[in-house]
Amino acid sequence: MPTSEDYKGQVPAWCPGCGNFNILSTVEEALVELGIEPREVLMVSGIGQSGKLPHYTKCHTFNGLHGRTLPVATAAKLANHSLHVIAVAGDGDCYGEGGNHFLHAIRRNPNITLLVHDNQIYGLTKGQASPTTAQGTHTKIQPYGVLEEPLNHLPCNFAGLQFRSQRFCRRSRLSERAYEAAISHKGFSLLDILQPVLHLTR
Ligand SMILES: Cc1ncc(C[n+]2csc(CCOP(=O)(O)OP(=O)(O)O)c2C)c(N)n1
Ligand SMILES: [Mg+2]
């Protein structure tokens, strides 16, 4: 049986207190609980603070382009059905630049788990608004506030999406259960993980 120690990869380079730490621990704990070994898992990510998560594990990893997490994950699953494929994306990666891939993943229903680190901002590139940023939020490039309404709760409400769960990035048995259910689901499953919002201006 694997232990969480077996999953530990590089030392995370996130800022202290970042919600990403809890997402990392929870996904590792869920995999351990399910008895899945790191060598049975492929973690695919794009670019972003969220995109670093696979490096902090001992799973197989593929770090691709921003917004292209889902096509890579889908192709890998098609090539090797025995892998547990976990796609790790940011809100910008998944609902912005990769929004088209998200829609088609819902339609195609591949057997992969999508973990969205929903911090409601483009974190890595220093805080521009993303599709889930609240209306009126001031950022460096939205000095008058974001004009549009956010996708907000919508990521979890797309028609055709068979498995969706929205959680806060707090460590709890309930969250771990949701991760376990998403990983065990036979088909496309979305876990949208809300993180505390830290805006860099104002
Ligand atoms: C094709 C492409 N477009 C844009 C960028 C610049 N870029 C890198 S990360 C990023 C935003 C990341 O935001 P998000 O996906 O929400 O991840 P976070 O850092 O917040 O976890 C952007 C715009 C890029 N690297 N490649
Ligand atoms: Mg983000």
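Residues numbered from 1 in each chain as written. Chains lettered and ligands numbered in written order. Predicted model: local features only at pLDDT ≥ 70, side-chain atom pairs only at ≥ 80, totals over all residues. Heavy atoms only, no water.

Taken together, the protein ligands of the magnesium ion (ligand 2) are Asp-91 (OD), Asn-119 (OD1) and Ile-121 (O), with distances of 2.1 to 2.2 Å. Of note, the donors binding the magnesium ion (ligand 2) are all from one chain and are spaced D-x27-N-x1-I. Judged by relative accessible area, Asn-119 falls into the buried class, the value being 17%. For Ile-121, a relative accessible area of 8% gives the class buried. (Donors = N, O, S within 2.8 Å, 3.2 Å for Na, K, Ca; no water. Buried < 20%, exposed > 50% of the residue type's maximum accessible area, 1.4 Å probe, protein only.)

Further remarks concern the side chain of Asp-93. Relative to the helices and strands, Asp-93 is located in helix 4 (residues 91-97). For Asp-93, the side chain forms a polar contact with the side chain of Thr-69, separated by 3.1 Å. If we ignore the near neighbours within four places in the chain, the residues touching Asp-93 are Gly-46, Ile-47, Leu-65, His-66, Gly-67, Arg-68, Thr-69, Gly-98 and Gly-99. (Helix = DSSP H or I, 4+ residues; strand = E, 2+ residues; numbered from the N terminus. Polar contact = N/O pair within 3.5 Å; in protein donor to acceptor, adjacent residues only side chain to side chain. Contact = heavy atoms within 4.5 Å.)

What follows is about the site of ligand 1. By nearness alone, 16 residues border ligand 1, and Gln-49, Ser-50, Asp-93, Gly-123 and Leu-124 come closest of all. One of the backbone nitrogen or oxygen atoms of Gly-92 is found 2.9 Å away from an oxygen atom of ligand 1. Sort the elements by how many residues they give to the shell around ligand 1 and helix 4 lands first, with 4 residues. Here the shell around ligand 1 is built from residues that sort into 4 nonpolar, 9 polar and 3 charged. (Near = heavy atom within 4 Å. Nonpolar A, V, L, I, M, F, W, Y, C, P; charged D, E, K, R; others polar.)

The sheet built from 6 strands is open, its strands ordered 2-1-3-4-6-5 with parallel pairing. What marks the edges here is a single partner per strand, and that holds for strand 2 (60-63) and strand 5 (163-168). Within this sheet the neighbouring strands show an average axis-to-axis angle of 20°, counted without direction. Note: strand 5 against strand 6 (residues 189-194), 6 bridges, orientation parallel. Looking across to strand 6, one finds that Phe-168 is bridged to Leu-194. Across the sheet, helix 6 (residues 173-184) touches strand 3 (84-90), strand 4 (113-118), strand 5 and strand 6, and the angle it forms with strand 5 is around 155°. (Pairing = 2+ DSSP bridges. Axes fitted to C-alpha atoms, helices over the stretch in contact; angles between N-to-C directions.)

One can find Gly-90 in strand 3. In this structure the C-alpha to C-alpha distance between Gly-90 and Asp-118, which are 28 residues apart in sequence, comes to 6.0 Å.

Okay, the nonpolar core next. The biggest cluster of nonpolar side chains holds 25 residues, and the ones touching the most others in it are Val-27, Leu-31, Val-41, Met-43, Ile-86 and Tyr-179. At 6 residues, helix 2 (residues 20-33) tops the list of elements feeding residues into this core. Each residue touching Tyr-179, except ones within four places of it in the same chain, is listed here: Ile-23, Thr-26, Val-27, Ala-30, Leu-115, Leu-191 and Ile-193. Judged by nonpolar contacts, the second largest core, of 20 residues, contains Ala-89, Phe-102, Leu-161 and Phe-188. (Core = buried A, V, L, I, M, F, W, Y, C linked by side-chain atoms within 4.5 Å.)

Our focus in this paragraph is the pattern of salt bridges. Any two side chains of opposite charge can pair if their charged atoms end up close together. Inspection of every chain in the model, using the stated rule, returns 4 salt bridges. Where Lys-8 meets Glu-28, a salt bridge forms, and the shortest distance between an N and an O atom there is 2.7 Å. Placement of Lys-8 in the loop between helix 1 (4-7) and helix 2 and of Glu-28 in helix 2 is noted, with a sequence separation of 20 residues between them. Residue Lys-8 is classed as partly exposed on the basis of its relative accessible area of 36%. The class for Glu-28 is buried, based on a relative accessible area of 2%. Note that Glu-180 and Arg-173 form a salt bridge whose closest N and O atoms lie 3.2 Å from each other. (Salt bridge = Lys/Arg side-chain N within 4 Å of Asp/Glu carboxyl O.)

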